[in-house]
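# Summary of structural features
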Amino acid sequence: MTTPDEINLTLYRIVTGDDREFITKFTNTQSALETFSAQLNPMVASIAQALDDALQAAEETRQQAITDTTAIKNTAVSAAATATTKAGESANSAAEALQYRNEAMQAVSDGYIVDEQMGLVTTWSSEKISAEIKARGTKGTLTQSFFEGQQERVVLTTPLTDSAVVSVIKEVPQTSVTSNQWNLNANGTGYDVENTAYATSLTPDDVSGFAKLVLDSGSFASTDVGKVIYGNGGEAVLILSSGECFIRKEFNDVSPIPSGAWKMEGLKFSDNSYEVSNIALGFGDVNEASYVTQRSTAVGTNQGMCFSSDGLNLFVVNNSNVINQFNLSEPFNISTLSSLISTYSVSSQTSAADSLDFNNNGTKMYVAGGGFIFQYTLITGFNLNTVSYDNISFDCPQTSDIKVVRFNKSGTKMFLLSDIAGGDVYQYTLTTGFDLSTASYDNVFLDLNDRGMSSPCYMAFGLNGRKLYTGGLNGKVVYQYTLTIGFDLSTASYDNVSLNIGLTSNPVGIWLSADGEKLFVTSYGNVFEYLMSETYYAITDQHLPAITKAGGQIDSTFWTDINSSFATDTPNSQTINYAFSTDGRMTFKVVKASEGARNIARDNAGAWEINTNATYAGETWAVATKQDVWGALSEAMDITANTMPSALLSAATDADFPALGNELDLAIILYTNNATQIPISQGVTLNYDANVLNQGAINGTDYEWDQPDNSTVRIKALKANNLKVRVV
């Protein structure tokens, strides 16, 4: 018969009793021999087959053992699987068979042992193993500081009749240890921020770009401007208390989001840090726009222009009544403009095409020519190869020379620019969005005569209809208007702001990127790109806390003290304060070098209070205006003695920190009074001391041992360690 490879199995068990230790190896125990030797005698002739039967049964029970979540059982299962691979090999002698059988039994001793004679599987519990080990008794112990390579003997009190069982524990010093648990992780799950969403449903009127958020009841407050709103898969930043927002991540749809299913937060998590929620958008004053670049689009003489909603397609209509389509590899970046990719002629509908526009997804196209607007359908959005005329047009009774057509995002408002009599913009309502057959005049128009334009021929809206940009062919000037109500010309007024386009003598079209950061102007043969100045939106003049929760709370049960700490932050000329809690977020404290700890906010039997005493060492408690931890911490920051910026935090020494409890929490409190200056914090790092930590030493890594005789065990340290050795 073939001799099987040597099986090296290690069984880890926890010994119950007053001297509970970690047993690292248990093989060939006397109890196993006594249990099975009586059964072995009648089986010598067929021991190989018996081994096969035993190991097969062990494999069958391995799946049940896997369900046990402890590391000990997982180790046992792995060992049992290793033993199973040897099941098909035979033993040369009864002695070898007995050895391998005992090792297999030990590997699954936490689960099941096979009684091959009875054909049954019976449980051999950890308690029974512990009892066997305790019955053997402790034969010797050693506690000593070892240097690397040092070897010591353990002389046993009673000689062993079989192999020793050795357990070793190492002491790990916990002095000047660094904890990064308060540093923000990749998704910010260690902290909570305040959710100030109202108890009502919320409905966006669009899924992307600029939109309006409508509350079912009530309205947004001015203090909500700049907050980030999450719900229905989307993320938006509120830019006006009337509900206007910019959507940074598309909503799934425009269905109402129920109360409790959306959040509104003042802090934004980004790049492993918290910062005051903010957004920078374009649509700054047009006179601050700066030239970037230009590209040729000369296929005939250009007239009007527009981009696809994603900025990856540019459409220009020329004086031959042909629409030319260009592709961009980067959104709204004309330096990545490709050559002409598609064309479509509208000469069958008009001989005076001047401009065009699309609906949001590019499945509808509208062309202005003479006194008409013509409607088209595209099977594939923004793909001129799939366009067809709808046989629908709008005959404008207000003018016979329409230069520009523009829509709001829902297609329920249409605006036509006429160059007759110095220029007017007319406003229409469509009862069905983007359906010209439902259009009617609102009796509202914007008179451009006071600007003295010559041949008005371009117009674009921005900031969800709150900005209007227009100009004429020969004036080379873009004029800026503000509408207090988006897409309502009756609220428009001139901003006394304009941009002189000195690069071309014949501007004929204008467009803005979705975020308003870029302005585009077409001339007869080129398209010019300008960078608009930015408008910043952020929550100002509010202290906004982020507080550790379960994932960020530190278990300080075995800590003895804090030596030092420092914050990783970028205030950007604004304010970031910190505070500790040592009692499960019931009381928050600050520390100051040479002056120790000060309580700044507390939950006093269900009532949140703040320390209003201006003297650092003093305490005067007042009920917080807003009765929760967020409100109390925010209000506490109005008292200078309650503040702890990073400089004070890093200056504190171990003598200044308070006595520790079982939990340690952190509050990060950010504040700005300027939307262009955003404070950012990545958290706090601590240096601490703690009780010595006992860990199971690893045979072959921390130490190794041998047994030269039945009265001696030798221990050799492979690393410098304090070791505690026990032999049974």
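In this report, we go over the structure that sits alongside the text.

Cut-offs and rules
- Residues numbered from 1 in each chain as written.
- Predicted model: local features only at pLDDT ≥ 70, side-chain atom pairs only at ≥ 80, totals over all residues.
- Heavy atoms only, no water.
- Core = buried A, V, L, I, M, F, W, Y, C linked by side-chain atoms within 4.5 Å.
- Buried < 20%, exposed > 50% of the residue type's maximum accessible area, 1.4 Å probe, protein only.
- Helix = DSSP H or I, 4+ residues; strand = E, 2+ residues; numbered from the N terminus.
- Contact = heavy atoms within 4.5 Å.
- Polar contact = N/O pair within 3.5 Å; in protein donor to acceptor, adjacent residues only side chain to side chain.
- Salt bridge = Lys/Arg side-chain N within 4 Å of Asp/Glu carboxyl O.
- Pairing = 2+ DSSP bridges.
- Axes fitted to C-alpha atoms, helices over the stretch in contact; angles between N-to-C directions.
- Phe/Tyr/Trp six-rings, centres within 6.5 Å; stacked < 30°, edge-to-face > 60°.
- Lys NZ or Arg CZ within 6 Å of the ring centre and 35° of its normal.

### Focus: the nonpolar core
Counting residues in hydrophobic clusters, the biggest one holds 51 residues, and the most contacted among them are Trp-182, Tyr-578, Phe-580, Phe-588, Leu-633 and Leu-686. With six residues, the single largest contributor to this core is strand β47 (residues 663–671). Residues contacting Leu-686, with those up to four places away along its chain left out, are Val-177, Thr-178, Ser-179, Trp-182, Ile-554, Trp-559, Ile-562, Ser-564, Ser-565, Phe-580 and Leu-664.

### Details of the environment of Glu-635
Tracing the sequence through the fold places Glu-635 in helix α6 (residues 629–636). Judged by its relative accessible area of 22%, Glu-635 is partly exposed. Ignoring any residue separated from it by four or fewer positions in sequence, one finds Glu-635 in contact with Ile-610, Ala-624, Thr-625 and Lys-626. Among the polar contacts made by the side chain of Glu-635, one reaches the main-chain amide nitrogen of Thr-625 at a distance of 2.8 Å.

### Quick word on the pattern of salt bridges
Overall, the coordinates contain 21 salt bridges when judged by the stated rule. Of the charged contacts in the structure, one is a salt bridge between Asp-702 and Lys-170, with a shortest N-O distance of 3.2 Å. Residue Asp-702 is found in the loop between β48 (680–696) and β49 (703–709), and its partner Lys-170 is found in strand β7 (residues 166–179); the two are separated by 532 residues along the sequence. You'll find Asp-702 and Lys-170 in the same group, each marked buried.

### Re the sheet that holds strand β19 (residues 302–307)
Read across the sheet, four strands follow the order β19-β20-β21-β22 without closing on themselves; strand pairing throughout is antiparallel. With partners counted over all chains shown, the strands left at the sheet margins are β19 and β22 (337–345), one partner each. Strand-to-strand, the axes of this sheet are offset by a mean angle of 25°, without reference to chain direction. Strand direction decides the pairing type here: strand β21 (residues 322–328) and β22, joined by six bridges, are antiparallel. Across the sheet, residue Phe-326 finds its bridge partner in β22, namely Leu-340.

### Some points on the side chain of Glu-275
Structurally, Glu-275 is set in strand β16 (residues 273–276). Residue Glu-275 is classed as buried on the basis of its relative accessible area of 11%. Side chain to side chain, Glu-275 and Asn-278 meet in a polar contact 3.0 Å long. With residues up to four places along the chain from it excluded, the contact list for Glu-275 reads Gly-266, Leu-267, Lys-268, Ser-270, Leu-670, Ile-678, Pro-679 and Ile-680.

### Focus on the packing of aromatic side chains
Applying the stated criterion across every chain, the model contains 31 aromatic pairs. Ring plane angle 45° and centroid distance 4.6 Å describe the contact between Phe-307 and Phe-520, whose orientation is recorded as tilted. One end of the pair, Phe-307, is in strand β19; the other, Phe-520, is in strand β36 (residues 518–522), with 213 residues separating them in the sequence. You'll find Phe-307 and Phe-520 in the same group, each marked buried. Arranged with centres 4.7 Å apart and planes meeting at 50°, the rings of Phe-415 and Phe-461 form a pair that is tilted. Of the two residues, Phe-415 sits in strand β28 (residues 413–418) while Phe-461 sits in strand β31 (residues 456–462), which places them 46 residues apart along the sequence. For Phe-461, a relative accessible area of 14% corresponds to the buried category. Seen from the ring of Tyr-230, Lys-263 lies directly overhead, with NZ or CZ sitting 5.2 Å from the centre. Taking NZ or CZ as reference, Lys-592 lies 5.3 Å from the ring centre of Tyr-616, over its face.

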